[in-house]
Structure formats: C-alpha cells, structure tokens
Amino acid sequence: MSGKSELIISKIRNGVVIDHIPAGRALLVLRLLGISGRDGFRVALVMNVESRKLGTKDIVKIEGRELTKDELNLVALVAPTATVNMIRDYEVVSKFKVTMPNVIEGLLKCKNPKCITNQQREPVKSRFRLVSREPLKLVCDYCGTMHELSDIEKSLGLV
Amino acid sequence: MVGFLDWFGRDIISVLDFGREDFEVLFTEALNMEKYAKSRLDVLGDKVLALAFFEPSTRTRLSFETAMLRLGGSVIGFSGTEATSMAKGENLADTIRMLDAYANAIVIRHSLEGAAKFAAGIAESPVINAGDGSQNHPTQAMLDLYTIWREFKVIDGLSIGILGDLRYARVVNSLVQALSYYRVRLHLISPELLRPRQELVEFMESRGMKYDWTNDPYNVINDLDVLYVVRIQRERFPDPMEYERIRGAYKVNLKLIERGKPNLVILHPLPRIDEVDFTVDNTPQARYFKQAGFGVPLRMALLRLVLGGGS
C-alpha cells in the first residue's frame, strides 16, 4: 500500500485489505463479495490512488467480516491484479495474490436463456469452468456457452 | 488399454467424454451387433430402459427402443409431455428421480441445453443424451462416425464436408467434436447467417483441426470423401424470401454430386425435407438410409456396453 493512501484511511484491527484493484473497480469487488453496506461491516474504500505497479489503483478494507480464501479468489474475476492482506490485531498475518478458481459454482448466471441452470424450478446451481485467464473466458459447464468479462460483469449486475 | 469395462455404467452426455479408443471399442461391438439387428440376442433380459423424450424424435427414439428389444430388454417411457405429470407442472429433476427408481438406464431428449448433464447428476443409473437443445447429440455423432468407418474402413485422412445449418444443428456440434479425435480435413459449408458458433470455431482451433469455411458447396465438392448434409430450418430466417433463395443454393442434387469424386459418400442425420433432392436417393453416393439403419446395431452396442450383458 502506498504512503498516500495511508493518509486517507486508518489501519483496521481484524479483517482484510484488498489492494492493487484496477482503478475504478472497488465497487465491483464489494458487489462480488456480497457486501452492500447495509450489512453493518465497517468498510473503507479508496479509489484512483497512485500505484507504482498499476499507475492508479483502488483499495478496499473490510473489517469484521470473515472471508475465506475461496471467496476472496473470486475477486480475480473483476480484479485479477488484486492482492489480499489478512489482518489480525493490526498485523498482516497472511498475504496472497488472488488467483482465478478453475471452477466457479453458484455465483454467476449463464447468459443462455435455454440453459438448464436458468430454470427456476430445477434444483441446479450454475457452474463455470475457467478456459482462459487472459483474456478471461469461462464456459458454462452445462450448456457450453462461452462467457467473456463483459458477460460476467453483466451477470453480476455490475454494468 | 480401453475395453468393455470402460463403458460399463457410464453416462453418455457429450462425445468429449470419450476418446478414440472408446470409439474403437464401440465400432467393433456395433459391427458384432449388425448380425443381431434383425434378430435377437438375449443379454439384457433383466434390464429396463427408460425413454424420456421431452421433444419429438422418430429415429433416435425408435432405434433405441428397437435396440433394447433386440437385446431382450424392456422399454418404458414417454414421448412428449402431454400424458405425463410434467403437464401438471412436475419438474425435470423429480421426473428423472422417478425414472431412475424404475429403470436401469435413462435415455433423455430435452429442449433445454445441459438437461442431460443435469439429469446425469441426479440419476444413479447411466443417462444417455439423445439430444439437448442445440448443443449435443452424442449418439448421432457416434453413428455418423461409425457409418464413415464402415464405408472407408478408416476415418483418418478423409476430407469431410458438412453442409447446412452449422450454427444451430446439434448434430454438427457433436460430429465436429467427435471428428477432432481423427486427422481429417473439414470443409464447412453454409450461408453466412448459419456459420458455426464462436464456441465451435474456438474448439476447432484449440484442437488444431484443419478446417475451412465456404458459402458455396461447388468450391469444395471435388475434394470431398464425405458430404454430410443437415437441414436448414426455415424458422432461422427472418425473411421468407431469403430462406427460399438460400434453400435453392444449398440443395444437394445430381448436378452437384457429378462434380464430386466417384466414391463420394453422402450422409444425412434425417429427417430430410428437401435439402437432398429425391433424385439423389438412387445414386451410389447416397448412404443416408444405410446410415439410419446402422442406428440399431450402434445403439445395441451402446446399450450393451453401458448396461453390461457380457462380451
């Protein structure tokens, strides 16, 4: 984290700091993690700050919400450059770069209206397999429809 | 070493779940079954096959039914949902659970894509996909491959043209996937509007398949060993005039096949409307009825492999 952003938001005690989010995508990251702001967690958000690596970046700090590594790896869908710092008692206890999971279950909606996963009355969760990281391509495991970044953003209600 | 046991109890959802060695086992068994296709081989006498046809079918349904009966097994099922509880609003999952309790294997055709895979996840018995949406029709592709293998003794090295609706015909998707296990030259022939989907193009690229696309069958006819024809559906065209124009340009007739190799083989999954002229039926090149006939021994082989019944 750069010194300048330290000036803007204070340290958190317990939680996660998601750093190196591509500029302008912090809100998408929160949306992806299901954090609406109405759930009571303390959230700090910094957008468009200077970054040595990225030029400009966003940072999100979430206090009090337990997030698993699997949940955090989903951030890679919209912020593949993101790094995660897990904080306990103001100290960074672990740090990792998000990696796109090979299988994503339940989170996204297939864009094919004729896909079985879009049927309301069937007990079925969507399932996508990662085909390519760059450019991002996911394929619906049920109907084989290819999804690109724009489809995924649409599916998450991000655009 | 792939053998009989590798097929036992397996779901047949997509040809991509299988490989070239699996196909070889299947073809050998289908060849063996040809001699029983008009008689009977009592090996599945204790088995019941459920045919769950949520969408219309003639050949696929009847050839599965015939195959099961020729193997001494029994068949239950439905065609269309009017007379079933689905008409009362029962969902697919519950219908599959019920069939799973009654039968030893389930053959399913459904209009929704991924329905067969979903059913396979629910049922403990093997599920065989007899066509779902516009994605997969694996047993048709296996039949197509078997017919080619029977005609040429090999598949490697052949030049294969696929003509018609390359975008929405599920048999095209499955056939191209199945051919990816062989070294073939593919010529894709269709109107611009019905070019193959991006997914299929990317698939061919990823498998390093040799293929090209043309909108004119006359450009490639003299290079083909096999011409595989699929229907061009009227409902795909917003403008009926455009459909009429295209329909004529893609008609397989004597004039077209005269330009082809003398040993050209013309295949069609059927039903044929008028994309292959009736005058072609009597030429030595026409093998589509023979292809349909192989549907019984091929599906006998599939059922025997999946359900057991000895080797």
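Residues numbered from 1 in each chain as written. Chains lettered and ligands numbered in written order. Predicted model: local features only at pLDDT ≥ 70, side-chain atom pairs only at ≥ 80, totals over all residues. Heavy atoms only, no water.

Asker: Can you walk me through the side chain of T145 of chain A in this structure?
Answerer: Within the secondary structure, T145 of chain A is located in the loop between β8 (137–140) and β9 (146–148). If near-sequence neighbours (up to four positions away) are discounted, T145 of chain A is found in contact with C110, K111, N112, L138, V139 and C140 of chain A together with E199 of chain B. (Helix = DSSP H or I, 4+ residues; strand = E, 2+ residues; numbered from the N terminus. Contact = heavy atoms within 4.5 Å.)

Asker: I would appreciate a short explanation of the nonpolar core in the present structure.
Answerer: One recurring pattern in soluble globular proteins: nonpolar side chains tend to sit buried together. If you look at the biggest cluster of nonpolar residues, it comprises 67 residues, and the most contacted ones within it are W7, F23, M142 and I162 of chain B. Considering every element that reaches this core, the biggest residue donor is helix α11 (residues 295–307) of chain B, with 9 residues. Listed in part, the 62 residues of the second largest apolar core include V75, V98 and L138 of chain A together with A93 of chain B. (Core = buried A, V, L, I, M, F, W, Y, C linked by side-chain atoms within 4.5 Å. Buried < 20%, exposed > 50% of the residue type's maximum accessible area, 1.4 Å probe, protein only.)

Asker: Whenever I open this one, the packing of aromatic side chains confuses me. Can you help?
Answerer: Two descriptors summarise a pair of aromatic rings, namely the distance from one centre to the other and the angle between the planes of the rings. All names here are of chain B. By the definition in use, this model includes 9 aromatic pairs over all chains. A ring pair is formed by W7 and F18, whose centres lie 4.7 Å apart and whose planes are at 25°; its orientation type is stacked. Separated by 11 residues along the polypeptide, W7 in the segment before α1 (20–33) and F18 in the segment before α1 bring together distant segments of the chain. For W7, a relative accessible area of 0% corresponds to the buried category. Between F27 and W149, the aromatic rings sit 5.3 Å apart at their centres with planes inclined by 35°, giving tilted as the arrangement. Of this pair, F27 sits in helix α1 while W149 sits in helix α5 (residues 138–152); the two residues are 122 residues apart in sequence, bridging distant segments of the chain. Classification of F27 as buried rests on a relative accessible area of 1%. Judged by its relative accessible area of 23%, W149 falls in the partly exposed class. (Phe/Tyr/Trp six-rings, centres within 6.5 Å; stacked < 30°, edge-to-face > 60°.)

Asker: Looking at this structure, I do not really get the packing of helix α2 (residues 59–70) of chain B against α11 of chain B. What am I missing?
Answerer: Any two packed helices are characterised by the angle at which their axes cross and by the distance between the axes. Residues and elements named next belong to chain B. At a closest axis distance of 8 Å, the pairing of α2 and α11 adopts a crossing angle of 60°. One element, α2, and the other, α11, form an angle in the oblique class. In terms of crossing hand, the pair formed by α2 and α11 is right-handed. Note on element contacts: α11 touches α2 through G295, V296, R299, M300, L303 and L307, opposite T60, S63, F64, T66, A67, M68 and R70. Here the contact of α2 with α11 is built from residues that sort into 7 nonpolar, 4 polar and 2 charged. (Axes fitted to C-alpha atoms, helices over the stretch in contact; angles between N-to-C directions. Parallel < 35°, antiparallel > 145°, perpendicular 65-115°, else oblique. Left-handed = near helix turned anticlockwise from the far one by under 90°. Nonpolar A, V, L, I, M, F, W, Y, C, P; charged D, E, K, R; others polar.)

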